[in-house]
Amino acid sequence: MKLPHLLPTLAATILSLAFYPASAQTSALNDTFARDSRQPIDQAYTDHIRKYTTDAKFSSRLVDYLPASATVPTPAKVLGDVAGAPDMLPYAEDVYKYFRQLESASPRVKVFSIGHTEENREMIAVAIADPALLQGAKENGERLAKLADPRTLGLDDNKAQPLIDQSYPVYYITGTIHSSETGAPTALMELAYRLAVDDAPYIKYIRSHMIVLITPVVEVDGRDRMVDTYRWHKAHPGEQWPRLAYWGHYVAHDNNRDAMGMTLNLTNNVLNTYLGWHAQVLHDLHESVPFLYDNTVGDGPYNAWIDPTLADEWAELGWNNVSQMQSLGMPGVFTHGDFDTWSPGYLMFLAGMHNGISRLYETFGNGGADTEKRILQPEEYSRTWYRQNPPLPTVMWSQRDNNNYEESALLSTLAYFSRNTHHFLENYYLKSKRSVQKPTLDGPAAYVLPTDAAELNRQLQLLKVLKLQHVEVQRLSQAVTSSVPAAKRGDKPTTQTFPAGSYVVRLDQPFSRVADALLDKQYWAPDDPQKHPYDDTGWSFSQLFNVKTARVTDSAILKAQMTPATDLDQDAGKINGSGAIYAIANTGQTSLLPLVYALKQAHVETTEKAFDAEGKHFGAGSLLITQTDEQTLAPILHTLSLDAMRLSASPSVATHPAPAPRIAFMHTWLGTQTEGWWRLAFDKAGVPFSYISTQTVASEGDLRSKYDVIIFAPVGRSSSQEIINGLPKWGNALPWQKSEITPNLGFLDSTPDMRVGLGYDGLAHLKSFVEKGGLLITCEDTAQFAIDTGLAPGVSIAPHDDARVVGSVLNSLFVAPSSPIANGYGPTLPVISANGMVFNVSNTLGRQGGRMLTDPYERRPTGRGGPEDSDITQGRQLAEPEVTPKQQPWQPKQLNEDQMRNNPQVIPVQYRPEVILRFSDQKTLLLSGLLDKAGSIAERAIVVNAHLGNGNVLLFANNPVYRGETIGSYSLVFNAILNYDHLRQPVSTAAPDQPAVSGVR
Ligand SMILES: [Zn+2]
């Protein structure tokens, strides 16, 4: 089908311009955006647009008027005022109401429900185009689907060509994923109205040549909470207003870092919509820097797995958009900037990784609809090579100004896109084709996850992420031997035999790029010109899921017999053998802890050591289940992908009952995002917990009677002082609770005043909780808090400022393989490190964890011999100094007799911290991402179990539960919880410096 060309002839355009009403904003110099002079304007609406625009420069001829329609309602119908009016933020429900009114009134608009949020709020997508295009959307989608999967065309360009000629593209715009960035919903309401109603030739051309798809609110839960806090603000003039403590159900700003892990509903709903429509562009709207940063072009380094055509499209669209805005006279628009285009975790990158075009605007916003004087920083208003017309240093800025920029930029870029649809569809096909040709072009041919019962649980979790990314997964029908590239450049390739049943991710499929980007390793050069990576530099899912993955370049693998793995759970939950005892080997499955909660009626024991039974090895921490039957157990094991072996007799191995610990998550009112990723992991796994705040802890005298484990997940760069003191109290109270004007607050937790912190009573309660045998789990800044407040005797943060680590995957080794925390693990584990944080441990208290002792041989004085020799005083016998055993970086210094004598700072042996995990040596430390100057962090402790009274404080320097990406390290946390009452290692009686104290266990 050829599309009707609705563009008026040039003569008609000129004629219509002649009748164009005179206006300062409507010069005829550039007729690209000429209006239809015959179309009346909505004068009242137009007057309000102009009234709310603080400076004519902050508007354009595209949006400084609103065309009138006799039948189609303007946004004012629902809003009561124009889009971007001051003091007004609509709830998602009102935004949807408007789009549905638009749908009823215009055949050019269709509204689709695209799923729900974690809190069951609806997400929508709105399609806008001429009725002919909307009616033909299904057939168009079928054509686009073929272009998207050129295997269906036999990769034949001659078959693709007519489809390209007949098809029209889909341009998908998404708004307000970030809840404090408030302008997009109203801008998109008005944009939709303009696209549906305006008869300007360029708009007619857009709607006759492409479908514009809009999701006006991506983070719906967060939007409604944002509107609540804004309403509270308007009801309390002159007072400070509560910050947005929660955005979505789990995370805040990081909802835009989920495009790899696919854990949030909004990410899946947007990807499914994007792919369901076979869209070519995903354009996400944000607010931060003045006045419009089209970060489509970004800065280097670019993601290493994208098709080069995408980088060209970024440049083409970005620079075109900036020059259009420049021609419209709008200052402060630029496209080059400090956003690097490396990590594929951003929502827009769903398109970049699925053969489309990812785009993003940052416009200027006030975090609400107040009109405010804004004072810019020199780096914001300075003129640079890529920003020749920079923002003004001081401005009055309104939500309407924001809407003017968003709409003008979108309309001008849609106009460009509509005139080049053929070109972008051709690119879309070519990118898709090259993705299918990946094995023969850039490789590799496939990734193989060899059959391995021990890894199955984690393999399936990784494969399920790939499935959410719409990646196809196959299973080998028979064993295949394949050549595998050497680990090091220059070494010879080796061969590897993959058994039948191994999982194969073939890269001759349309979405090979996202599979490759996730499973491959990353390398960020220490001397890269970009010194401030925008986000994590490493993310390799093979590593972070702790799954053996072979990157196979030998394309012979693609000819092996294999079948689609349609049901990944097919093999999960096998039960073999006979007998009344069900044994589950601990191989680091993340579902052993959830199993204990699922089996509350049965009896579960944990084995303290490894054992063999029925020809199978069971590692320490394996579970023995009795008082259940197969009928009850089988479906649970299937869901949790755990295999069991039935035993007829109890194995001869020490066991203890596996409790179902009572867990509390303690959150602050300072920040809830990083702990939100932990809550998400526990909810997804099915591990129940109570959710309490530091304020609850302050008022609960006996925490131990209620909880066995308290998780104090990272707050996110907060200080111990802030955690204890909370926010300053010299202003008004900041409530976070449900009320008539804030119906969406207080859902997860509530407080009359967010400013109140843990306090010293709370700290005392936490200390007492641990002393009475509780387990406190801390990580990053909360580990720092445990150290600062004396909850972790003998642990300190080691100086690591010289090391450069930015969200890198680093290698670690188990120091205490017999600790229950190490159950199910091998000798090493890849972990993610945000900034290279590491611990020192010491056998004494005091400053810097008491590391004041010196090794007499460390710095020998000037004298005879070499560096390893002793000096000899002439004329007398050599007197050798007392030598303490050589200390490793992760170990405490040993104390000699003299240092221990009458020293109250010496920590009794049973209270000394125990190092569980440490970084590997400098040579083997980097797995993925950036690592420079690793000397101060190599071999240092990263997971330490500190002892206080009868309890334990577990400290993580790495974040083991992060963005749904670190499945491999979840078990460190889950093991600790499952064994919270058995975490103390047997004390070595051979300790040379054991002081004589009466032991407390
Ligand atoms: Zn944002």
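Given the structure is predicted, the values throughout are model-derived calculations rather than measurements. (Residues numbered from 1 in each chain as written. Predicted model: local features only at pLDDT ≥ 70, side-chain atom pairs only at ≥ 80, totals over all residues. Heavy atoms only, no water.)

1. Quick notes on the overall build of the protein chain
The number of helices and strands found in the protein chain is 29 helices and 39 strands. In summary, the protein chain has a C-alpha radius of gyration of 31 Å against a globular reference of 30 Å for 1001 residues, a match within 12%. With the principal axes as the frame, the protein chain shows a C-alpha extent of 110 × 70 × 70 Å. Burial statistics for the protein chain: of 1001 residues in total, 61% are counted as buried. Of the contacts formed within the protein chain by residues at least 6 apart in sequence, a portion of 80% connects residues at least 24 apart. Surface accessibility of the protein chain: about 38100 Å² in total, with carbon and sulfur atoms responsible for 52%. Distance between charge centres in the protein chain, computed from 86 positive and 106 negative side chains, equals 2 Å. (Helix = DSSP H or I, 4+ residues; strand = E, 2+ residues; numbered from the N terminus. Rg over C-alpha atoms; globule rule 2.2 N^0.38 Å. Buried < 20%, exposed > 50% of the residue type's maximum accessible area, 1.4 Å probe, protein only. Contact = heavy atoms within 4.5 Å. Areas by Shrake-Rupley, 256 points an atom, 1.4 Å probe, with all protein chains shown as cover. Lys, Arg positive; Asp, Glu negative; His and termini not counted. Charge placed at Lys NZ, Arg CZ, Asp CG, Glu CD.)

2. Considerations on the coordination of the zinc ion
Within the protein, the atoms that donate to the zinc ion are H178 (ND1), E181 (OE), E181 (OE) and H286 (ND1), at distances of 2.1 to 2.4 Å. The site at the zinc ion holds four donor atoms, and with the angles between them running 56 to 154°, its shape is irregular. (Donors = N, O, S within 2.8 Å, 3.2 Å for Na, K, Ca; no water. Tetrahedral: all angles 85-135°; square planar, octahedral: opposite > 155°, others 65-115°.)

3. What about the confidence of the model for the protein chain?
Residue-level pLDDT values for the protein chain average 93, and 94% of them are 70 or greater. Mean pLDDT across the elements of the protein chain bottoms out in helix 1 (residues 10-18) (37) and peaks in strand 4 (residues 211-215) (99). Considering only residues more than four positions removed or in separate chains, one finds that residues 1-26, a stretch of pLDDT under 50, has 36 contacts. (pLDDT = per-residue confidence, 0-100.)

4. What to know about the sheet that holds strand 12 (residues 474-476)
Spatially, 16-11-15-12-17 is the arrangement adopted by the five strands of the open sheet, whose pairing is antiparallel. On the outer flanks of this sheet lie strand 16 (550-552) and strand 17 (562-564), each paired with one strand and no other. For this sheet the average axis-to-axis angle between neighbouring strands, irrespective of direction, equals 30°. Across three bridges, strand 11 (residues 446-449) lies against strand 16 in antiparallel orientation. Following the sheet pairing, Y447 is matched in strand 16 by R551. Against the sheet, helix 17 (residues 456-468) contacts strand 11 and strand 15 (503-506), and its axis sits at roughly 25° relative to strand 15. Across the face of the sheet, helix 18 (residues 512-519) comes into contact with strand 11, strand 15 and strand 16 while running at roughly 55° to strand 11. (Pairing = 2+ DSSP bridges. Axes fitted to C-alpha atoms, helices over the stretch in contact; angles between N-to-C directions.)

5. A word on the sheet that holds strand 18 (residues 575-577)
Read from one edge to the other, the open sheet built from six strands follows the order 18-24-19-23-20-25, with strand pairing classed as mixed. Edge positions in the sheet fall to strand 18 and strand 25 (655-657), since each of these pairs with one other strand and no more. Looking at each pair of strands side by side, their axes are set apart by 30° on average, direction ignored. Pairing between strand 20 (residues 603-607) and strand 23 (residues 623-626): four bridges, direction antiparallel. Bridging across to strand 23, E605 finds its partner in L624.

6. Comments concerning the pairing of strand 2 (residues 122-128)
Here strand 2 lies mainly inside the structure; six of its seven residues are buried. Here strand 1 (residues 109-116) pairs with strand 2 via seven bridges, running antiparallel. Looking at the pairing, F112 lines up with A125 of strand 2. Where strand 1 folds back on strand 2, the antiparallel hairpin that results is connected by five residues, among which N120 adopts a positive phi of roughly 65°. Strand direction decides the pairing type here: strand 2 and strand 4, joined by three bridges, are antiparallel.

7. Quick notes on unusual backbone geometry
Both trends apply: most residues other than glycine have a negative phi, and most peptide bonds are in trans. Cis geometry marks the peptide bond from G300 to P301; its omega dihedral reads -10°. Within the secondary structure layout, P301 lies in strand 6 (residues 292-302). P444 follows G443 through a cis peptide bond whose omega is -5°. Considering the arrangement of structural elements, one finds P444 in the loop between helix 16 (421-436) and strand 11. Of note, the phi angle at E939 is positive, near 65°, even though the residue is not glycine.

8. Considering the pattern of salt bridges
Should their charged atoms come close, side chains of opposite charge can pair. Considering all chains together, one arrives at 49 salt bridges under this definition. The partner of D130 in a salt bridge is R207, with the nearest N and O atoms 3.5 Å apart. Taken together, the residues D130 in the loop between strand 2 and helix 5 (131-135) and R207 in helix 9 (residues 201-209) connect sequence positions 77 residues apart. Because the salt bridges share partners, they merge into one network encompassing E119, R121, D221, D224 and R225. (Salt bridge = Lys/Arg side-chain N within 4 Å of Asp/Glu carboxyl O.)

9. Observations concerning the pairing of strand 38 (residues 941-948)
The buried fraction of strand 38 amounts to eight of the eight residues, a majority that puts the element mostly inside the structure. With four bridges connecting them, strand 35 (residues 914-919) and strand 38 associate as antiparallel partners. Across the sheet, R918 pairs through a bridge with A941, a residue of strand 38. In the sheet, strand 38 pairs with strand 39 (residues 951-956) via six bridges, with the strands oriented antiparallel. Across the sheet, residue N945 finds its bridge partner in strand 39, namely L954. A loop of two residues connects strand 38 with strand 39, the two strands running antiparallel in sequence, and G949 in this loop sits at a positive phi of about 55°.

10. Comments concerning the packing of helix 4 (residues 92-105) against helix 8 (residues 184-197)
One way to put it is that helix 4 packs onto helix 8 with a least axis distance of 10 Å and a crossing angle of 5°. One finds that helix 4 runs roughly parallel with respect to helix 8. Listed contacts from helix 8 to V95, Y98, F99 and L102 of helix 4 are P185, L188, M189, A192 and Y193. Broken down by class, the residue content of the contact of helix 4 with helix 8 amounts to nine nonpolar, no polar and no charged. (Parallel < 35°, antiparallel > 145°, perpendicular 65-115°, else oblique. Nonpolar A, V, L, I, M, F, W, Y, C, P; charged D, E, K, R; others polar.)

11. Things to note about the packing of helix 8 against helix 9
The angle between the axes and the distance between the axes are what describe a pair of packed helices. With their axes 8 Å apart at the nearest point, helix 8 and helix 9 run at an angle of 90° to one another. Taken together, the axes of helix 8 and helix 9 lie roughly perpendicular to each other. When helix 8 is examined against helix 9, the residues R194, L195, A196 and V197 are found in contact with a partner set consisting of I203, I206 and R207. Class assignment for the residues of the contact of helix 8 with helix 9 results in five nonpolar, no polar and two charged.

12. Side note on helix 26 (residues 781-788)
The element helix 26 is extensively covered by neighbouring structure, given that six of its eight residues are classed as buried. Looking at helix 26, one finds that the buried residues are D781, T782, A783, F785, A786 and I787.

13. A look at the side chain of R400
If you trace the backbone, R400 turns up in helix 15 (residues 399-418). For R400, a relative accessible area of 0% corresponds to the buried category. Discounting residues that sit within four places of it in the chain, R400 has contacts with I49, Y52, T53, V63, A83, G84, E190, R194 and E407.

14. Quick word on the side chain of T674
For T674, the location among the structural elements is in helix 22 (residues 673-685). We classify T674 as buried; its relative accessible area is 16%.

15. Here's the deal with helix 8
For helix 8, with 14 residues, the first-to-last C-alpha span of 20 Å sits near the 20 Å given by 1.5 Å per residue. Counting buried positions along helix 8 yields 14 of 14 residues, so the element is predominantly enclosed. (Expected span 1.5 Å × (residues − 1).)

16. Here's the deal with the packing of aromatic side chains
Under the criterion given, the structure shown has 38 aromatic pairs. Between W314 and F349 the ring centres are 6.1 Å apart and the planes differ by 55°, which places this aromatic pair in the tilted class. With W314 in helix 12 (residues 308-327) and F349 in helix 13 (residues 349-352), this pair connects stretches of sequence that are 35 residues apart. With relative accessibility at 1%, the residue W314 sits in the buried group. Through successive ring pairs, a cluster of aromatic residues spans F58, F291, F364, W397 and Y405. The ring of F618 carries the charged tip of K616 above its face, separated from the ring centre by 5.8 Å. Over the ring of W890 we find R918, and its NZ or CZ is 3.7 Å from the ring centre. (Phe/Tyr/Trp six-rings, centres within 6.5 Å; stacked < 30°, edge-to-face > 60°. Lys NZ or Arg CZ within 6 Å of the ring centre and 35° of its normal.)

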